[in-house]
Amino acid sequence: MIYNNVRHECNLYNFFFAPRGNRRMMELGRKISQMYLNPFDRIIGIIGAKDSGKSMMIQGMFPGIQMVDEEDEYDITNMPLLNADDVGFYTPRTFHVDARAARKYVKLETIAEAIIRVTSQHKRVIVEHFEILYPILKRNADLMIGIGEEVIVTRPSLFGPLPQNIADIVFKSLIYRKMAHSAEDLFGYVVRDIERPSYVRADIRHGFMLDYSEKPENFDLVEIEKKMKELIDRDLPITYYDEEHVKIGDDVISCTGPLMHVESTGKIEGFSLVKEFFYDSKFGYYMVAGTVGHKEEEASDKLNTIDILEEV
């Protein structure tokens, strides 16, 4: 059967903001599966560094999937993918493998053979760290997703993009997402005792944005930036506390993605808070934005600029 969808056939790649927070990443995964997943896709390649949100993305795309992400020899050598022929009629239709974790206990050639075997039976395999397996598998993914500062969704053709191409992009850009999330939590730490209206989280390139339902009259953005930069200069450790909290120094604060941080506040480079509130007349929000990784503050009309470079 030939599956023809113009969204798939005419698409090279798409970029999405990689949201900070586990629930938001799962929601993005759900949307990507609805828009780009072909019912006849056999191999889904997921590429991204440790703690980039790959597991949350997969859970959003495939609710209820049995994932093998523990680096434990028993769990990995007994994962469903390697034993798909032993369970008869009740074999799963979708399998998962983390190539980076599995290669410690199983040869990549064995994993590749298992993938070829189950996909030939019209079953699907989700491969984390697909760039590691590709040289052995010698077959590109039907749908490939890279997770760095942004999420890249692509349906490779015979000519690419190749997995290492995606890996080179997302591994390099992830630091901006970690810095932005750390700066966002640092902002919340500084204003934690200031009365403020309700808000939702939003995204910009190399930064964070908070959309408030009303204008935060008690915010002095110049003073808030000054306090944040003082905390950055103190180089306080940022550490995981539990699934909903991190520690900044000795203080525990609420966090939507406690693994998505730099190691300390001093690792937040080039931070700047935009010194004005922006009003979004379409949704009625007052927005506060901060940027990272820049030598100087970005102009508001340059935050999400798309640059197309011409060859010289």
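This text goes with the structure placed above it.
Residues numbered from 1 in each chain as written. Predicted model: local features only at pLDDT ≥ 70, side-chain atom pairs only at ≥ 80, totals over all residues. Heavy atoms only, no water.

A.B. asks: What exactly am I supposed to notice about the pattern of salt bridges here?
C.D. replies: For side chains bearing opposite charge, pairing can occur when the charged atoms are close. Counting across every chain of the model gives 9 salt bridges. Close ionic contact of Asp 51 with Lys 50 constitutes a salt bridge, the shortest N to O distance being 3.4 Å. The exposure class assigned to Asp 51 is partly exposed, which follows from its relative accessible area of 30%. The closest approach of N and O atoms between Glu 150 and Arg 205, which form a salt bridge, is 3.4 Å. Remark: Arg 205 occurs in the loop between β7 (199-204) and β8 (207-212) and Glu 150 occurs in strand β6 (residues 150-154); sequence separation between them is 55 residues. (Salt bridge = Lys/Arg side-chain N within 4 Å of Asp/Glu carboxyl O. Buried < 20%, exposed > 50% of the residue type's maximum accessible area, 1.4 Å probe, protein only. Helix = DSSP H or I, 4+ residues; strand = E, 2+ residues; numbered from the N terminus.)

A.B. asks: What is the right way to look at the nonpolar core in this model?
C.D. replies: In a soluble, globular protein the nonpolar side chains are often hidden away together inside. Judged by nonpolar contacts, the single largest core of 31 residues is most densely connected at Leu 81, Val 97, Ile 111, Ile 115, Val 127 and Leu 133. Of all the elements in the fold, those that place two or more residues in this core are β2 (43-48), β3 (94-98), α5 (99-102), α6 (108-119), β4 (124-128), α7 (130-137) and α8 (163-190). Broken down by element, this core gets its largest block of residues, 6 residues, from α6. Of all hydrophobic cores here, the second largest spans 29 residues; its members include Ala 180, Ala 183, Ile 268 and Leu 273. (Core = buried A, V, L, I, M, F, W, Y, C linked by side-chain atoms within 4.5 Å.)

A.B. asks: Looking at this model, I keep getting lost on the layout of surface pockets. Mind explaining?
C.D. replies: Leftover empty space is mapped by rolling, across the atoms, a probe with the size of a water molecule. Each pocket or cavity is described by its volume, and for the largest pocket that value is around 650 Å³. Only α2 (22-36), α3 (54-61) and α5 provide two or more residues apiece to the lining of the largest pocket. In terms of residue count, the dominant contributor to the lining of the largest pocket is α3 (4 residues). Taken together, the residues of the lining of the largest pocket sort by class into 8 nonpolar, 8 polar and 12 charged. (1 Å grid on protein atoms, 1.4 Å probe; cavity = no way out; pocket = protein on both sides within 12 Å on 5 of 7 lines; lining within 4 Å. Points joined across faces, edges and corners; volume = space filled by probe spheres on them. Nonpolar A, V, L, I, M, F, W, Y, C, P; charged D, E, K, R; others polar.)

A.B. asks: Even after reading the chapter, I still don't get the environment of His 122, so can you show me in this structure?
C.D. replies: Of note, His 122 is situated in the loop between α6 and β4. In this structure His 122 comes out as exposed when scored by relative accessible area, which is 56%.

A.B. asks: Would you explain the sheet that holds β2 in this entry?
C.D. replies: Note on sheets: strands pair through backbone hydrogen bonds, and any given pair is parallel or antiparallel. Here we have 6 strands laid out as an open sheet, ordered β1-β6-β5-β2-β4-β3, and mixed in their pairing. Strands at the two margins of the open sheet, each flanked by one partner only, are β1 (13-17) and β3. Averaged over all pairs of adjacent strands, the angle between their axes in this sheet comes to 15°, without regard to strand direction. Across 5 bridges, β1 lies against β6 in antiparallel orientation. When the bridges of β6 are listed, Tyr 13 appears paired with Thr 154. Sitting on the sheet, α2 touches β1, β5 (143-147) and β6, and the angle it makes with β1 is about 160°. Lying on the sheet, α8 is in contact with β2, β5 and β6; it crosses β2 at an angle near 40°. (Pairing = 2+ DSSP bridges. Axes fitted to C-alpha atoms, helices over the stretch in contact; angles between N-to-C directions. Contact = heavy atoms within 4.5 Å.)

Function cannot be inferred from these measures alone, as they are strictly geometric.
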